[in-house]
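Topology and contacts: notes
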Amino acid sequence: NAGVMQNPRHLVRRRGQEARLRCSPMKGHSHVYWYRQLPEEGLKFMVYLQKENIIDESGMPKERFSAEFPKEGPSILRIQQVVRGDSAAYFCASSPGQGGNQPQHFGDGTRLSIL
Amino acid sequence: AQTVTQSQPEMSVQEAETVTLSCTYDTSESDYYLFWYKQPPSRQMILVIRQEAYKQQNATENRFSVNFQKAAKSFSLKISDSQLGDAAMYFCAFSGRNGNKLVFGAGTILRVKS
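Residues numbered from 1 in each chain as written. Chains lettered and ligands numbered in written order. Predicted model: local features only at pLDDT ≥ 70, side-chain atom pairs only at ≥ 80, totals over all residues. Heavy atoms only, no water.

1. Considerations on the interface of chain B and chain A
- Taken together, the 22 residues of chain B in the interface contact 22 residues of chain A.
- With both chains or domains summed, chain B and chain A bury close to 1800 Å², and 50% of this area falls on carbon and sulfur atoms.
- One can count 0 salt bridges joining chain B with chain A.
- For the pair chain B and chain A, the interface holds 7 residue pairs in polar contact (both at pLDDT 80 or more). (Contact = heavy atoms within 4.5 Å. Buried area = accessible area lost by both parts, 1.4 Å probe. Salt bridge = Lys/Arg side-chain N within 4 Å of Asp/Glu carboxyl O. Polar contact = N/O pair within 3.5 Å; in protein donor to acceptor, adjacent residues only side chain to side chain.)

Right, dumping it as structure tokens:
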């Protein structure tokens, strides 16, 4: 039973390019969460999605960042016109339902480096 | 808004000894969940233990146990018989009953000495 799958594991982009990060939740999980971890810091919530719906995007920067979780396929976190400050580890988590009694299972993360 | 505070940036423990990592939190909710996650050098996020606020009994998972003090809003992690593989960053996290997101502390680096 595969866990949460994120790809790529490492992504290098030049300033101004676009970054696309993918997340396939665990089988049977329809709730996806994205977190960002800056160097030497804890994880910060970005966005919570269910299939085809954004439920909570209170942690997303207002510009350049977007997320989707289509009916078919993985969830995508998209960063347009990347800047050096976007360099971070981006983690995806999934759960079978909503609520604190549904623990979130994390992927291995995508390390984004901006040159 | 909920906040989670880990006041120990770094801790050390001798192999086979016991160590306690501290965590305090702030919330106005009465029903919530608390977690400890481990992040080894590989940087995976691994769930170590979970506590439900309405349960008075402290959670235990093998060598890992918590001391949950609801009135004091304290949630410490005790690791018994420490092993070299326990060396990692440990994050305390909070989730409200609706569980839309986890709020993490800044983390504590645990070093295990042989």
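Picking up where we left off.
2. A few points about unusual backbone geometry
- Look at the link from A:Asn7 to A:Pro8: it is a cis peptide, with omega at 0 degrees.
- The topology assignment puts A:Pro8 in the loop between β1 (5–7) and β2 (10–13).
- A positive phi angle is found at B:Asn62, which is not glycine, with a value near 55 degrees.
- Looking at the secondary structure, you find B:Asn62 in the loop between β7 (60–61) and β8 (64–69).
- Judged by its relative accessible area of 75%, B:Asn62 falls in the exposed class. (Helix = DSSP H or I, 4+ residues; strand = E, 2+ residues; numbered from the N terminus. Buried < 20%, exposed > 50% of the residue type's maximum accessible area, 1.4 Å probe, protein only.)

3. A closer look at the pattern of salt bridges
- Taken as a whole, this structure holds 10 salt bridges over all chains when the rule is applied.
- The partner of B:Arg111 in a salt bridge is B:Glu10, and the shortest N-O contact between them spans 2.6 Å. Taken together, the positions of B:Arg111 in strand β12 (residues 108–113) and B:Glu10 in strand β2 (residues 10–14) put the pair 101 residues apart, joining distant regions of the chain.
- Classification of B:Glu10 as partly exposed rests on a relative accessible area of 41%.
- Counted as one network, the salt bridges with shared partners bring together A:Glu18, A:Arg20 and A:Arg78.

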